Number of protein chains: 2
Amino acid sequence: MTPRERIVAWLRTAGAPLSGEELARRLGCSRAAVWKQIGVLRGLGYRIEARRALGYALARVPDRLGPAELEPHLTGRWRDVRWLAETDSTQRVARELARAGAPEGTVVIAEAQTAGRGRLGRTWHSPRGVNLYCSIVLRPALPPAAVPQVALVAGAAVAAALAATPGVEPRIKWPNDVLIDGRKVAGVLTEMEAEVERVHHVILGIGVNLNASRSAFPPELRERATSVLLATGHRVDRAAVTARLLAALEARYGRFLEGGFEVVRSEWESYSCLTGTEVRVTSPDGEVAGRVAGLDADGALRLTRPDGTTARIVAGEVTLRG
Amino acid sequence: MTPRERIVAWLRTAGAPLSGEELARRLGCSRAAVWKQIGVLRGLGYRIEARRALGYALARVPDRLGPAELEPHLTGRWRDVRWLAETDSTQRVARELARAGAPEGTVVIAEAQTAGRGRLGRTWHSPRGVNLYCSIVLRPALPPAAVPQVALVAGAAVAAALAATPGVEPRIKWPNDVLIDGRKVAGVLTEMEAEVERVHHVILGIGVNLNASRSAFPPELRERATSVLLATGHRVDRAAVTARLLAALEARYGRFLEGGFEVVRSEWESYSCLTGTEVRVTSPDGEVAGRVAGLDADGALRLTRPDGTTARIVAGEVTLRG
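What this report covers is the structure whose coordinates are included nearby.

With that settled, consider the packing of helix α6 (residues 147-163) of chain B against helix α8 (residues 238-259) of chain B. Residue and element names in this part refer to chain B. Orientation of α6 relative to α8, taken along the N-to-C sense of each, is 140°, at an axis distance of 8 Å. When the axis of α6 is compared with that of α8, the two are oblique. Relative to α8, α6 is oriented so that their crossing is right-handed. Contact residues: α6 offers Q149, V153, A154, A156, A157, V158, A160 and A161, while α8 offers V241, R244, L245, A248, L249, R252, Y253 and F256. Looking at the contact of α6 with α8 residue by residue, the class counts come to 13 nonpolar, one polar and two charged.

Written out as structure tokens, the structure is:
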């Protein structure tokens, strides 16, 4: 952490105001240098009150997902978070980091994306400062065929993290769109570089609409997309939700690596909005229609066709019928 | 093609010597310019005889896989061949080309690799000017789970191309090592960049030991590796074999995309050296021992365990037992 981030962390965890003298001592610098850093932090949106004879107190942190804001909330081992005020795509940045050797659990977060990407070449609408856009480097010792399961694990983690917010009942639409009230609140983009026998790395891109207002969505998305704010009427603490999501993902991913997808399946199914519905699935192999019977142990979607036979769908796009 | 490559192509296909005047006319340049190009070609290893009153005749082309040498042999649609006298790894070069948008069928060939790569992070010994080192950009509309089948298709193509050389009886060791007399003559490295639903590109790396002498192999490889020269006692025309391999691959890959792995399976099995043998397979899921029963329709290796149950192996390393 930088000296400024350390000041924020100390002020945040101190039960009482901290004097300039104390901060100078901890940082090993002059009181004048502390004063200068406090000035910079105020310029960055931190409200820091100077209380006479007591010292500095943190009255408000800016609504941002930078290290100083996120760090106090993090509970897991994934702590290498690279924060960007703006980028083209966190997925692109994380991929470059992975190619350069970044370890598992490296996280890239941006406040805004100018070219945010979704599945199948689609764009991901990424307005500034209201949502979560992150990409995570994973290095599972798995063959490429098991990577769709990692994507399902991520969907379950996103749903679980959102379900902790009062009033939010997330649902997953296979494979890993997360919906509230039938509208998309989050998406997962799973990309890999691999050889046949093993994955080199997986980049898990997660976008969650948190505090986006209706006007933050372009007109064509307003009927299909939502945010936690729109669904509940309340803004969430983005840093707290982000940390919760990372912890939820790290925990489930760890269990999945240990015990396979089976250990995550029942939680995943508890969020599924498709079981029992009539759907049409467009996949690389063509189109299949049927009723969703459930999820196989390996994460494939099981459909019962009109003639009673069963189809297994490993990858595809689901449309509800009727 | 460059003017020099065009001169070579004309001389090669002409039934009789071509005059300097004729070449100048075809190129739209002076006879002096033709003479200069002929001089450069001789410097590059072409033996071009100047026959009095008749013109130039091509007596020998250098042993090289450059466009001028390869082009006359090519029969398929894959003709964008990037030739390099030396590179670190054709796989690396092809991947960069693919990331920059190179279309399916783009081929990278090098005379020597300073950091040739094999499967699972191994090196591929790549001495200069005697073998084939190539990487091919593919863009199949498939999910990642189907890519192991592309690797099997490549193995069958390599075996078929080698089988056309008199005295060579290639065998495939699952998944796609190609052996002659139990020693490795060729290997396939299959890498991909993909999302869960679809492959962005596959880079198929193929190394074939053609005219390498025993001394061209490091001592630790001499018992395990061979070349066509070592197996038959005869040098092959590297350009002809390379073109045959590309044509064999393009044809089988096209049939595979149309009809699935099933259409390539029986040919693949005709080359397999494992069917009926007792093996041990090390895969990301652990170790399995059993007798090889055959190949599933999706390319998975089917093993019969000692207890009579069947194991399906999608990716792994096979060791013969006993």
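Attention now moves to the environment of L320 of chain B. All names here are of chain B. Following the sequence through the fold, L320 ends up in strand β14 (residues 317-320). By the C-beta count within 10 Å, which is 13 here, L320 ends up partly exposed. Sequence separation between L320 and A94 is 226 residues, and the spatial gap between their C-alpha atoms is 34 Å. Apart from the residues lying within four places of it in its own chain, the contact partners of L320 are T277 and V279.

Residue and element names in this part refer to chain B. In terms of residue burial, strand β9 (residues 199-208) counts as a mostly covered element, since nine of its ten residues are buried. Here seven bridges tie strand β5 (residues 132-138) to β9, and the two strands are oriented antiparallel to one another. Looking at β9, one finds that S135 is bridged to G205. Pairing of strand β8 (residues 183-195) with β9, which is carried by nine bridges, proceeds in the antiparallel orientation. Across the sheet, the residue bridging to M192 is V202, located in β9. Linking two consecutive strands that pair antiparallel, namely β8 and β9, is a turn of three residues.

Rules behind the numbers
Residues numbered from 1 in each chain as written. Chains lettered and ligands numbered in written order. Predicted model: local features only at pLDDT ≥ 70, side-chain atom pairs only at ≥ 80, totals over all residues. Axes fitted to C-alpha atoms, helices over the stretch in contact; angles between N-to-C directions. Helix = DSSP H or I, 4+ residues; strand = E, 2+ residues; numbered from the N terminus. Parallel < 35°, antiparallel > 145°, perpendicular 65-115°, else oblique. Left-handed = near helix turned anticlockwise from the far one by under 90°. Contact = placed C-beta atoms within 7 Å. Nonpolar A, V, L, I, M, F, W, Y, C, P; charged D, E, K, R; others polar. Buried ≥ 20, exposed ≤ 12 C-beta atoms within 10 Å, placed from the backbone. Pairing = 2+ DSSP bridges.

Remember, this is a structural readout, not a statement about activity or role.
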